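# Residue-level structure breakdown
So you can see what is in the structure, the chains are spelled out below.
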Amino acid sequence: MNTQVVPLGIRVHDGSEAAIRQVEATLDGFGLGGLACVSCVEVDGKRVADVALRPEIATRWTPNHDTTRLTAQLELDTLRSPGDVEKEIAVALLASPITVPFPSVEELRACIRIRRNAVVAGRRTELNFDTAAAERPNDCWLEDEERGFTVRPGCSLVEALRKATQPEVSGQLYSFSCYRATEYVILLAIAEELAVCNPALSAQLQTQCERRIIRSGQFHEVFMHEYGTQDSPIPTHYYVPGDRVWFRNPDDRSSDVIGFEGSWVLYLGGGLFTNFWKRDRPYTLDSKCLEIYHWRHGAYTNAAGELAMDETIVERRVEETLRDESEKQKILGMMMQWKARQGVYGQGGCIDTTREGPRWVCPGTSDLVLPMN
């Protein structure tokens, strides 16, 4: 039986000879020349370029579409080398189990840079976990009852976001939810790239954030592409550095604790996910699944009659499980399943069926449309 992994990789909607040369030069720049297939096909009467890892390479590097071991397999130093971060991103995209579209080679390169920015910023981010409070640096941010936090006019959006999320810049930890934290890190990554590749859109984003910060469902619509569906899920171990990922709490009772419905994180590469509260202890896929499983044991009713979470119990339970290999594998077998459909509890695991990545940002091909209100 043929067990080779067959990736679909990326599709560049420009199959011109010049674009093909740009694709090949990009691959060569990452040391991937000869390791990927570049083929031209006709789609709706237009010539496009499909690019993916060769099946035998994908089988070796990403068995069963598992990208969590790429850093070790390729001997990358992603902590010290931004170039190695970009290479891991490129390989993961070329190993995609679905076709990831780009209108141009420039958009592909911009996407890789945005994802690199998100990884770097995600590693630097550390915050106070507080589901009932929100804080921002006063010198860069204004707070309004209706609009929430906005960037002070004249203050750089990039600098404001760095101060709010990176203690080396601000000298302080600010209170956030994990959902908002992922938004700020992604917004920072996009803003850094726009300053280089699309100054006009960069200026519009600055103005937008001085009026109102886009957040929650609208953030997803404006800034993110979503890949995969409930019916056609992304493989459980397939992640691209810079992905925004949702881990769902499948337990009915503990998911009613505010802030513990699930966990929003960014994938950092190398099998690690952001831990915004203890950044020196990023999550592995195993530890994230175990933590969410044990939320059911930390949930309790407090003196006010409200559901709350005792995280010391959760931490102790996770440590105990890590020492019991049999129990660990039993729990992971349950949790490393795709999440159930919305509103269904007691079924499925905590792995989302989709992944989120940045929208296109280059002049002439960007699909990032700001509401400007």
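### Things to note about the overall build of the chain
A count of helices and strands for the chain gives 13 helices and 16 strands. Taking 373 residues into account, the globule formula puts the C-alpha radius of gyration at 21 Å, and the chain, at 21 Å, falls close to it. When the backbone C-alpha atoms are referred to their principal axes, the chain occupies close to 70 × 60 × 40 Å. Looking at the 373 residues of the chain, the share that counts as buried comes to 52%.

### Here we look at the sheet that holds strand S4 (residues 100-102)
Strand order across the open sheet formed by 4 strands is S2-S3-S1-S4, with mixed pairing between neighbours. Edge positions in the sheet fall to strand S2 (36-43) and S4, since each has one partner strand and no second. Geometrically, the sheet is characterised by an average inter-axis angle of 25° between neighbouring strands, direction not taken into account. Sheet topology note: the strand S1 (residues 10-12)/S4 ladder contains 3 bridges and is parallel. When the bridges of S4 are listed, Val-12 appears paired with Phe-102.

### Quick look at the side chain of Thr-78
Topologically, Thr-78 is positioned in the loop between helix H3 (70-73) and helix H4 (82-94). Apart from the residues within four sequence positions on either side, Thr-78 is in contact with Thr-71, Asp-84, Val-85, Glu-88 and Arg-123.

### Side note on H4
With 13 residues, H4 extends 19 Å from end C-alpha to end C-alpha; this agrees with the ideal 18 Å at 1.5 Å per step. Most of H4 sits out of view: 11 of its 13 residues are buried. Taken residue by residue, H4 has Asp-84, Val-85, Glu-86, Lys-87, Glu-88, Ile-89, Ala-90, Val-91, Ala-92, Leu-93 and Leu-94 as its buried positions.

What counts, and at which threshold
- Residues numbered from 1 in each chain as written.
- Predicted model: local features only at pLDDT ≥ 70, side-chain atom pairs only at ≥ 80, totals over all residues.
- Heavy atoms only, no water.
- Helix = DSSP H or I, 4+ residues; strand = E, 2+ residues; numbered from the N terminus.
- Rg over C-alpha atoms; globule rule 2.2 N^0.38 Å.
- Buried < 20%, exposed > 50% of the residue type's maximum accessible area, 1.4 Å probe, protein only.
- Pairing = 2+ DSSP bridges.
- Axes fitted to C-alpha atoms, helices over the stretch in contact; angles between N-to-C directions.
- Contact = heavy atoms within 4.5 Å.
- Expected span 1.5 Å × (residues − 1).

Keep in mind that these numbers describe shape and distance, not what the molecule does.
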